[in-house]
Amino acid sequence: MSELLCLGEPMIEFNQTAPGGPYVQGFGGDTSNAAIAAARQGARVGYVSATGRDVFGDLFDGLWRAEGVDTAGVARMEQAPTGIYFVTHGPSGHMFSYRRSGSAASLMRPEDLPLELLRKARILHVSAISQAISASACDTVFAAIEAVKAAGGLISYDTNLRLALWPLARARAVVEATAAMADILLPGLDDARKLTGLESPQEIADHYRAKGAARVALTLGDKGVLYAGPEGTEIIAPHKVAAVDATGAGDAFDGAFLAEFLATGDGLAAARHANAAAALAVCGFGAVAPLPQRAEVLALLAKQGARGA
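All figures in this text were calculated on a predicted structure; none of them were measured in a lab. (Residues numbered from 1 in each chain as written. Predicted model: local features only at pLDDT ≥ 70, side-chain atom pairs only at ≥ 80, totals over all residues. Heavy atoms only, no water.)

In globular proteins that are soluble, nonpolar side chains generally tend to be buried together. In terms of nonpolar packing, the biggest core is built from 48 residues, with Leu-4, Val-45, Phe-253 and Phe-257 touching the most fellow members. Ranked by residue count, the leading element in this core is helix α10 (residues 267-281), at nine residues. Residues Ala-104, Val-141, Ile-155 and Ala-228 belong to the second largest nonpolar core, which totals 46 residues. (Core = buried A, V, L, I, M, F, W, Y, C linked by side-chain atoms within 4.5 Å. Buried < 20%, exposed > 50% of the residue type's maximum accessible area, 1.4 Å probe, protein only. Helix = DSSP H or I, 4+ residues; strand = E, 2+ residues; numbered from the N terminus.)

What follows is the structure, encoded as structure tokens:
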């Protein structure tokens, strides 16, 4: 039985490895990436979603099974496709082009949720992206949260902001409401500044803790991570790595944090572990392929120290 369930939208990725160069097929979708990241760190993970009954859905099914992610909560739809996106790279960094309108995951409904699976999970991980792709998907996220909380489980929430999907005012309202239901909050600094109107990392962490999140791990890009929780508050320094593509770094952080928290119950230790995992995830192209195994994370922590270098 899965101790961690991730819910959201999986997407097939086509990543351009160099400007003007060929595209390499991979896998994406923030919560799917997080599920795989957590599985590679040793957690028992399941995914809740919908894919098309198409070749891309088949590819995801094979990927999840190969990674040890349980697929009992994934529906296959005849009438809707699996979403896809393209990644290009330029002077300003990586850019995304999405083909997700009407995707199977965007058609998820509360009445289709696998409630028995949700009620047995220790943690449910969800994302603001899954709330932005459609009204029914947003309702599904809230229904899943309510089911897990009613059964005594914890809620993990990534405030991932995609303004191409919804206006900022609606994003703020939905994220604030969801943050108030979360036990673990995993925001990124740039998104959190837009969502809260606050500037300093400490103000943002205090804001979300005041909302009710017991643990906040705020990723600061190349400045590391600010963790605030019952174990204390600490800025965890970044690790020095040869970065080539930051596509899945936040998802790597989320999955590694949740896996380590499930193993130890220590949010600060989980943030340190996740900080190292995210550093390793930027050393290769794509969202999934560079996600590190647990042994790689432990080796980096041993080499550079638990607080980075």
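Bridge count for strand β2 (residues 11-16) against strand β6 (residues 83-90) is five bridges, and the pairing is parallel. Its bridge partner lying in β6, Glu-13 is registered against Tyr-85. Bridging between β6 and strand β7 (residues 93-99) involves seven bridges; their strand directions are antiparallel. What sits directly across from His-89, in β7, is His-94. Here β6 hands over to β7 after two residues, the two strands then running antiparallel side by side. (Pairing = 2+ DSSP bridges.)

A word on the sheet that holds strand β13 (residues 232-236). Taken in spatial order, the nine strands of this open sheet run β5-β4-β1-β8-β9-β10-β11-β12-β13, and their pairing is mixed. The open sheet has two edge strands with one neighbour each: β5 (69-77) and β13. Sheet contacts for helix α2 (residues 55-67): β4 (45-52) and β5; angle to β5, the most-contacted strand, approximately 170 degrees. Seen against the sheet, helix α9 (residues 249-264) touches β1 (4-7), β8 (123-127), β9 (154-158), β10 (184-185), β11 (215-219) and β12 (225-229) and runs at an angle of roughly 165 degrees to β8. (Contact = heavy atoms within 4.5 Å. Axes fitted to C-alpha atoms, helices over the stretch in contact; angles between N-to-C directions.)

So, on to the environment of Ala-150. Looking at the secondary structure, you find Ala-150 in helix α5 (residues 135-150). Classification of Ala-150 by relative accessible area gives exposed; the value is 70%.

Here we come to the sheet that holds β6. Read from one edge to the other, the open sheet built from four strands follows the order β3-β2-β6-β7, with strand pairing classed as mixed. The strands lining the two open edges of the sheet, one partner per strand, are β3 (23-28) and β7. Adjacent strand axes in the sheet meet at a mean angle of 25 degrees, parallel and antiparallel pairs treated alike. Sheet topology places β2 next to β3; six bridges connect them, and they run antiparallel. Across the sheet, Asn-15 pairs through a bridge with Val-24, a residue of β3.

What follows is about the packing of aromatic side chains. Tallied over the full model, the rule gives twelve aromatic pairs. When the ring of Phe-14 is compared with that of Phe-86, the centres are 5.5 Å apart and the planes differ by 25 degrees; the resulting orientation is stacked. With Phe-14 in strand β2 and Phe-86 in strand β6, this residue pair connects regions lying 72 residues apart in the sequence. On the accessibility criterion, Phe-86 (25% relative accessible area) is partly exposed. Pairing Phe-27 with Phe-60 gives two aromatic rings, centres 5.1 Å apart and planes at 65 degrees, and the pair type is edge-to-face. Of this pair, Phe-27 sits in strand β3 while Phe-60 sits in helix α2, placing them 33 residues apart in sequence. In this structure an aromatic cluster arises from ring pairing among Phe-14, Tyr-23, Phe-56 and Phe-86. Between the NZ or CZ atom of Arg-100 and the centre of the ring of Tyr-98, over which it lies, the distance is 4.5 Å. (Phe/Tyr/Trp six-rings, centres within 6.5 Å; stacked < 30°, edge-to-face > 60°. Lys NZ or Arg CZ within 6 Å of the ring centre and 35° of its normal.)

It helps to recall that an α-helix has 3.6 residues per turn; residues three or four apart then point in one direction. Helix length check: helix α6 (residues 168-179) (twelve residues) gives 16 Å between terminal C-alpha atoms against 16 Å at 1.5 Å per residue, within 8%. As for α6, its buried residues are in contact with α4 (128-132), α5, β9, β10, α7 (189-196) and α8 (201-211). (Expected span 1.5 Å × (residues − 1).)

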